[in-house]
Amino acid sequence: MSDVPRFSSGQIGRSLPRLESRAKVTGTAEYIHNLRLPGMLYGKICRSTVPHGRIRCIETRAAAAIGGVHRVVTAADIRTVIAEPYYGPAFHDQPILAEGKVRHVGEPVAAVLAADPHIAEQAAQAIEIDYEPMPAVFDEVEALSSAVFVHDQLKPAGTFADLKHLVGRRDTNIALDFHLRRGDPAKAFANAEQVFEHTFRTQQTMHTPLEPHVALADARDGSATIYSSTQNPSFVRTEIARLLGWPENRVRVKTAFLGGGFGAKVYVKVEALAMALSLLAGRPVKIALTMEEQFFTISRHASTFRIKSAVEKDGRITARHCEVFYNGGAYADIGPRVAQKSGFTAAGPYDIENTAIDSFEIYTNRPPAGAFRGFGMPQLVWAYEGHTDLIARGLGLDPLEFRRKNLLREGRPHATGTIMRDAATAAVLERLAQRIGWGQSFERGRGTLRRGRGIAVGLKAAISPTTSVATVAIAADGSCTVYCGTVDMGQGSTTAMAQIAAETLGLEAEAVQVVAPDTDVTPYDMGTLGSRSTFHMGHAVRLAAAEAKTKLAALAAETGVPPDTNLPVAELFRRKYGMQAGTVVGSGSYLPSYAPPDHATGQTPNATPFWMIGGSAAEIEVDTETGLVRVLRLITVADAGTPVNPRILETQLTGAAIQHLGMTLFENMEFTDGQLRNPNFAEYKIPGIRDLPEQLTAEIVDAVQESGPYGAKGVGETGTFAVAPAIANALDDAVGVRLMELPITPEAVYRGLRRAAGDPLPEE
Amino acid sequence: MTVSAAPMTIRFTLNSAVVDALITPHQSLVELLRERFDLFGVRESCGQGLCGCCTVLVDGHAVSSCLYLAAFADGAEVITVEHLAADGRLDPVQEAFIEAGAFQCGFCTPGFVLMTKQLLDEIPDPSDDEIRHYLSGNLCRCGAYPEIIAAVKLAAQKRAV
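These figures come from a predicted structure and were not determined experimentally. (Residues numbered from 1 in each chain as written. Chains lettered and ligands numbered in written order. Predicted model: local features only at pLDDT ≥ 70, side-chain atom pairs only at ≥ 80, totals over all residues. Heavy atoms only, no water.)

Engineer: Outline the side chain of Thr504(A), listing residues and values.
Structural biologist: With respect to the element layout, Thr504(A) can be found in helix α14 (residues 493–505). The residues touching Thr504(A), leaving out its near neighbours within four places in the chain, are Arg542(A), Ala545(A), Ala546(A), Lys549(A) and Tyr710(A). (Helix = DSSP H or I, 4+ residues; strand = E, 2+ residues; numbered from the N terminus. Contact = heavy atoms within 4.5 Å.)

Laid out in structure tokens, this is it:
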């Protein structure tokens, strides 16, 4: 990527290393993982061993009798400090500790406090819980018609107008249903020359940030500080204050660098339990999950996607019906928003006159699912880009030509009715084709090693409406500090925000200090999620810096300095105050324009502040004797607007692609009767250095997000969208095997090869 | 199962200083280094010796300190990432990791840096395959592997000068 400054201060487009680089290579970077407080207790959790069951009895005496145990806590104890101990961002359905019944294996039922974490853990294992097992439901499609209900009644959070219709709904596992209707799909299907219909499925996976969830709560004298590895400090504060009935200003949430997040650490995870335990103990309490416990805390939705398209013989898609079922597990978390906000893009980056989308968030007795880098998109793109290739092959058309023919181009209406702007979908597709050498002959292999190529493109809408607020302070020596609540979990936001502030103020980014999120210090931010920070917080920081600059100009005028004089800023303060004193503070608040979709039709003139486009092209080699897929080339191309830091951006894209090779080829939470069999790295493999494709590249197309700060937009999730379908399409190209379910394991491929040869293996 | 057992004292060299520590027999080296010596560059993540976040050098060899009992360190020389820039100057491996942009969240970075140090001590000019072999026990969930490979090569060049 080129490194040409496009703006006057030369800070945007600079590939400077992360500002905290030295701290990260010397091991001194701050993580909440490292934090200890005087008098602190450790909280360890006793978890459910059954997927669905009534709690008959919790026997805690043996645990409490262990020397060094401070206290054993159950839901009844939680109720003495929190009257209604249920939390969640969309639904208040998740108990801090299970009450009455458990809904998934691994659900927290009791907790033990001790100064020594080993004693707390030993005591947690000594708690005996007697369950009356209940029938359970695990599959998202079965849950639609099952007589087993995970919750007796839906409990949507009262704050959202668009969830009000769900209040009090009973005897259903559908937490949320979203619908979109455009044109007349029924008529178009009735008149269709050809109809293609497929069902695609994806598996449940886990983010596995290498710093597992950790929260340390310190409640005293009617106020509290929570140190957390959260991506959402402002939300955690609001939610904890709500649970306690306290004003927000008595809850302080602080973060540090996060050892990865990827969506696992959005909204409340372990903070509510840590807070309740600290209130009960009167001492600081730290809860640090193990890698294993993370698997029971949050995950990516398994999904089923039924997709049907009406197609003319010339290859034009005239109608599409999408039915998406997201397996949300036992608690809604942010799943309803996944079903809604990603659901409306389920028809893909195609220009289709008649579209119907029905997207559902389903409760089951699995560990909860929420946001995971793409917010439901990788599941959608997996299905619609596989479907796209299958239609092209069915019609005898080239998959690239078929995409070109149907692509949703600039100025055309999306399925929501929103007119596409600043979405370089065509450029991304063309660049991918060029990079992989589409249409050119290549070595297809021989004998038992066969090669193929595949291509896929995804389109995501940024979640809206969301707000970011920032302040920028100029000290009397002229140095600049940025106060913003964006959490740096590895994506490089600290560096990006420093670059944006520096560009606006005419400074070097290295000279700007960005304060770690602390809700007593940094203003409100909706959260570090959904690739929203560069756009939303970038604007807020830009506006705050611009206001500070205006105030500095006023200070110059006030102190008699003529405009455009190159006087150091420190001199202005000296003139005003007679010494090195004073502060200039600028503030910025950003809320993009947005129009909520119509409840019945999903139509809106303004669905999103910006579109993200991410495509992958893959060349693979299949060993037909073993079914092993080796990825030879993996190319990622994205529209990210104008890059703030091209190098960090490129790393984001390749990193996302590597991460999603895992989801594509081997990662899978495997269950037997609701029991997770592989919640650890020995049995749940994530990509290592040996899993790298031989050639791995990422690039962005030349594009500008006109509404973005300095032309920029988000990119954190973009590299995840299309990896899996590109590889599945390459597999089909190589050996004529089409897999409808992830992951693409050697066994699945080998079974496919045997099926294709008319000699299928017996099913297990 | 009982947690308490008779404590014992060990003596070892930690980052060039001879130290004594009172430990329990079940205690892991990662716990000792973090809780007793405040060396937070050593990190427990998977707890199974599979991710490499807890990598330290014991007598010059990288070990997973989450599985390595503190008792085994008695009489040994232990080096953590904190020692590499103890004089305020970054090790060439650390410089290379910065210049190549070989990390995102940074949680796994000390482990990769120490493993790279052992690699380059043993093979000053490693091939791609040797790099992958040595680093196959370190996981990076952010997926900075391409930059890490570039960093190892850059570090090899820096050390050769």
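Engineer: Kindly report on the pairing of strand β4 (residues 61–64) of chain B, identifying the contributing residues and their values.
Structural biologist: Residues and elements named next belong to chain B. Note that strand β3 (residues 55–58) and β4 share four bridges and pair antiparallel. By the bridge assignment for β4, leucine 57 is matched with alanine 62. The antiparallel hairpin formed by β3 and β4 contains two residues in its connecting segment, where aspartate 59 sits at a positive phi of about 50°. (Pairing = 2+ DSSP bridges.)

Engineer: Requested: an account of the packing of aromatic side chains, with residues and values cited.
Structural biologist: Residues and elements named next belong to chain A. All chains considered together, the criterion is met by 11 aromatic pairs over all chains. Centroid distance phenylalanine 535 to phenylalanine 610: 4.7 Å. Interplanar angle 40°. Geometry classified as tilted. Highlighted residues: phenylalanine 535 in helix α15 (residues 533–558) and phenylalanine 610 in the loop between β23 (583–590) and β24 (611–623), separated in sequence by 75 residues. Considered together, phenylalanine 535 and phenylalanine 610 belong to a single accessibility category, that of buried residues. Clustering of aromatic rings is evident, with ring pairs tying together Phe535, Tyr590 and Phe610. The side chain of lysine 24 reaches across the aromatic face of phenylalanine 257, ending 4.8 Å from its centre. (Phe/Tyr/Trp six-rings, centres within 6.5 Å; stacked < 30°, edge-to-face > 60°. Buried < 20%, exposed > 50% of the residue type's maximum accessible area, 1.4 Å probe, protein only. Lys NZ or Arg CZ within 6 Å of the ring centre and 35° of its normal.)

Engineer: Could you give an account of the packing of helix α11 (residues 377–395) of chain A against helix α12 (residues 399–406) of chain A, naming the residues involved and the relevant values?
Structural biologist: Residue and element names in this part refer to chain A. Between α11 and α12, the least distance of the axes is 9 Å, while the angle of their chain directions is 110°. Put simply, α11 runs roughly perpendicular to α12. Of the residues in α12, those touching α11 at Glu385, Thr388, Asp389, Ile391, Ala392 and Leu395 are Pro399, Phe402 and Arg403. Class assignment for the residues of the contact of α11 with α12 results in five nonpolar, one polar and three charged. (Axes fitted to C-alpha atoms, helices over the stretch in contact; angles between N-to-C directions. Parallel < 35°, antiparallel > 145°, perpendicular 65-115°, else oblique. Nonpolar A, V, L, I, M, F, W, Y, C, P; charged D, E, K, R; others polar.)

Engineer: Hey, could you go over unusual backbone geometry for me, with residue numbers and the actual values?
Structural biologist: Residues and elements named next belong to chain A. Each neighbour pair has its own omega, and for serine 464 with proline 465 the value is 0°, a cis peptide bond. Here proline 465 shows up in the loop between β19 (449–461) and β20 (468–475). Here leucine 742 and proline 743 are connected by a cis peptide whose omega angle stands at 0°. Within the fold, proline 743 resides in the loop between α18 (723–735) and α19 (746–756). The backbone of phenylalanine 375 sits at a positive phi, close to 55°, despite the residue not being glycine. Along the polypeptide, phenylalanine 375 turns up in the loop between β17 (354–362) and α11. Non-glycine residue aspartate 564 carries a positive phi angle of around 65°. Structurally, aspartate 564 can be placed in the loop between α15 and α16 (569–577).

Engineer: Any chance you could break down the pattern of salt bridges for me, citing the residues and the numbers?
Structural biologist: Residue and element names in this part refer to chain A. Taken as a whole, this structure holds 60 salt bridges over all chains when the rule is applied. Of the charged contacts in the structure, one is a salt bridge between lysine 265 and glutamate 211, with a shortest N-O distance of 3.6 Å. With lysine 265 in the loop between β13 (251–254) and α8 (271–281) and glutamate 211 in the loop between β10 (194–202) and β11 (214–220), this pair connects stretches of sequence that are 54 residues apart. Given the relative accessible area of 0%, glutamate 211 is considered buried. The closest approach of N and O atoms between arginine 754 and aspartate 759, which form a salt bridge, is 3.2 Å. The partly exposed category is assigned to aspartate 759, whose relative accessible area is 41%. Through salt bridges with shared partners, one network takes in Glu385, Asp389, Arg393, Arg403, Asp732 and Arg738. (Salt bridge = Lys/Arg side-chain N within 4 Å of Asp/Glu carboxyl O.)

Engineer: Got a sec to walk through the sheet that holds strand β8 (residues 128–133) of chain A? Specific residues and values, please.
Structural biologist: Residues and elements named next belong to chain A. Pairing within the open sheet is antiparallel, and its three strands lie in the order β6-β2-β8. Each end of this open sheet is capped by a strand with a single partner; those strands are β6 (101–102) and β8. Relative to β8, strand β2 (residues 53–59) runs antiparallel, the two sharing six bridges. In the strand pairing of β8, arginine 54 is matched with glutamate 132.

Limitation: the analysis is restricted to geometry and does not speak to function.
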